[in-house]
Amino acid sequence: MGKTGSGVIKIDKKPIDVAYERIAELKAILHQQNIVQEKLLNMIKEINVSLKDLKDFKEKEVIEKEKLRLGWFY
């Protein structure tokens, strides 16, 4: 035990208690990082799907314009 300047008695934590507190903090940080990584992965997947859809649409649009330009009718 230690005494602070204001007369309040301060209880010193055991090193093992401090270690367990730090471990709990690290677990919370890792959990948050996992959630963020999962969200980022989902966003990347959505963007990839959107880009693929856009590419397919543009390819079809180019093909249709080329057909019209050449006078093909389907």
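Given the structure is predicted, the values throughout are model-derived calculations rather than measurements. (Residues numbered from 1 in each chain as written. Predicted model: local features only at pLDDT ≥ 70, side-chain atom pairs only at ≥ 80, totals over all residues. Heavy atoms only, no water.)

**Quick look at the overall build of the chain**
Per the secondary structure count, the chain includes one helix and two strands. The order of α-helices and β-strands along the chain, N terminus first, is β-β-α. When burial is assessed residue by residue, the chain has 1% of its 74 residues classed as buried. Working note: accessible area of the chain is about 7400 Å², and carbon and sulfur atoms make up 64% of it. (Helix = DSSP H or I, 4+ residues; strand = E, 2+ residues; numbered from the N terminus. Buried < 20%, exposed > 50% of the residue type's maximum accessible area, 1.4 Å probe, protein only. Areas by Shrake-Rupley, 256 points an atom, 1.4 Å probe, with all protein chains shown as cover.)

**Some details on the confidence of the model for the chain**
Taken over all residues, the pLDDT of the chain has a mean of 85, while the share at 70 or more is 85%. By mean pLDDT, strand S1 (residues 2-3) is the weakest element of the chain at 53, and helix H1 (residues 15-70) is the strongest at 91. (pLDDT = per-residue confidence, 0-100.)

**What to know about a nonpolar patch on the surface**
On the surface, Val36, Leu40, Met43, Ile47, Leu51, Leu54 and Phe57 cluster together to form a nonpolar patch covering roughly 690 Å² of accessible area. Its location among the elements puts valine 36 in helix H1. (Patch = residues over 30% accessible without salt bridge, like charges linked within 9 Å, V, L, I, M, F, W, Y side chains within 5 Å. Salt bridge = Lys/Arg side-chain N within 4 Å of Asp/Glu carboxyl O.)

**Describing the pattern of salt bridges**
One side chain can pair with another of opposite charge once the charged atoms of both are near each other. Tallied over the entire structure, the rule returns seven salt bridges. Put simply, lysine 13 and glutamate 21 hold a salt bridge, and the shortest N to O gap is 2.8 Å.

**Focus on H1**
In this model, H1 (56 residues) spans 81 Å end to end at C-alpha, consistent with the 82 Å of a helix rising 1.5 Å per residue. Immediately beyond the C-terminal end of H1, within one or two residues, lies glycine 71, with a positive phi of roughly 85°. (Expected span 1.5 Å × (residues − 1).)

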